Amino acid sequence: MSFSGDDGAENPHKAETLLVTAGRDTKAQKGFVNPPVVHGSTVLYPTAEDLHAHRGEFQYGRRGTPTTKALQEALIALEGPQCAGVGIAPSGLAAISTTLLAVLKSGDHLLVCDNAYRPTRNFCNGMLARYGVETTYFDPLIGAGIAAMFKPNTRAVVVEAPGSQSFEMPDIPAIASVAHARGALVIDDNTWATPLYHRSLELGVDISMQAATKYIGGHSDIMFGTISANARAWPLVAEAIQLLGVCAGPDDVFLALRGLRTLSVRLAQHHKSAIEMARWLAGRPEVISVLHPALESHPGHAIWKRDFTGASGLFSIVLQPKPQAAVDALLDTVKLFGMGYSWGGFESLVIPFDCAPYRTATTWAPGGPSLRLHIGLENVEDLKADLERGFAAFNAA
Ligand SMILES: *Cc1c(COP(=O)(O)O)cnc(C)c1O
């Protein structure tokens, strides 16, 4: 699929340029660079004939507006030629649940990587189980060995690369080639790298979803999800979106598009600052391991190098074994690292985590308390000084 820029010509540009130009329609926007925020339900038809034929670019607010069209066109251009369509959802989790409802039916079997976002598991174990879909979790490092987990009724495989707490890197092309040989679809939660750094549809993924709440929005001010699908999967996704009535408010659609325009510069800085912080943390005596796929020491580094063109600002560290009170002293001392869920905004965050209670295919035993860090856009020397104060409190406790 090709896309028209302002000049109406096919857009041959690279991703950074597409982020700025795609989805712009100067004429329709009466010269303005940005689309209007269309608050709308009713669309009027000029004649009875038009009404009967559902003629017109837009039919009803839930089914699309000039604002959603601009965002969808920009995302389709970013995903690349394999992308047949992009669906919009009111949160990242809604993008996941809509995708799973789109491809599965009662009696199907689903394979999900053991490092998947925990609410994804909750949806599989709760609603999907209730509707007669069986889920089996697999070791994210299984690679082509996933063949042994397939059943005759396995319909889809869910991967997350890397897992957003534990950072194992699944081999997506190896998993996809097994899945496709058995007629199953591959779904990727691509929130960590975004399509800018990981073109998952080109690596064999059929449906790539984003919690756009994170880097696409980029400012911790919206809840949003997107679902990008190839030609094979798009009809299923489009049908589910229509049947379920999934849509998002126009202000959030607009903010997602505004975030997308600056994604490349923000991610480049998150990438650079996070790698610098990860290397500095690897040299700290309080830290026994750094879980960041862009570090040569990471077990998934070779896959990251092969399949990704960059890294984002999110990674984890494992601390020397110490009582919870020492970890809490660190958390209560740092000031630039806020304690809170989500990530992908401009600000640095820290959150303790433990995957052990809910893993079923693998054992999570990293050897000490684990912290997930989001490296924001602050100065890295300030961030190091903040963590240094935190480590002093950790050591003193
Ligand atoms: C945050 C997140 C989601 C869910 O997104 P929400 O917008 O919070 O619903 C899904 N997957 C991953 C990896 C996430 O980090």
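Here the structure is a predicted model, which means the values were calculated and not measured. (Residues numbered from 1 in each chain as written. Predicted model: local features only at pLDDT ≥ 70, side-chain atom pairs only at ≥ 80, totals over all residues. Heavy atoms only, no water.)

Caption draft 1: Looking closely at the domain arrangement of the protein chain. Each assigned domain of the protein chain is listed here: domain 1 (2-261) and domain 2 (264-396). One C-alpha centre belongs to domain 1, the other to domain 2, and the line joining them spans 28 Å. Counting from both sides, the interface comprises 39 residues of domain 1 and, opposite them, 39 residues of domain 2. Roughly 3400 Å² of surface becomes buried between domain 1 and domain 2 when both sides are summed, with 58% attributable to carbon and sulfur atoms. Contact with domain 2 buries area across many residues of domain 1, yet W192, Y197 and Y215 alone supply 25% of it, more than any other trio. Applying the counting rule to domain 1 against domain 2 returns two salt bridges. Among the salt bridges present, the one from R306 reaches D171, with a minimum N-O distance of 2.7 Å. Where domain 1 touches domain 2, the interface holds 26 residue pairs in polar contact (both at pLDDT 80 or more). Those elements that place two or more of their residues in the side of domain 1 that touches domain 2 are α1 (15-21), α5 (118-130), β3 (134-138), α7 (194-197) and α9 (250-261). Considering every element that reaches the side of domain 1 that touches domain 2, the biggest residue donor is α7, with three residues. (Domains from an automatic or database assignment. Contact = heavy atoms within 4.5 Å. Buried area = accessible area lost by both parts, 1.4 Å probe. Salt bridge = Lys/Arg side-chain N within 4 Å of Asp/Glu carboxyl O. Polar contact = N/O pair within 3.5 Å; in protein donor to acceptor, adjacent residues only side chain to side chain. Helix = DSSP H or I, 4+ residues; strand = E, 2+ residues; numbered from the N terminus.)

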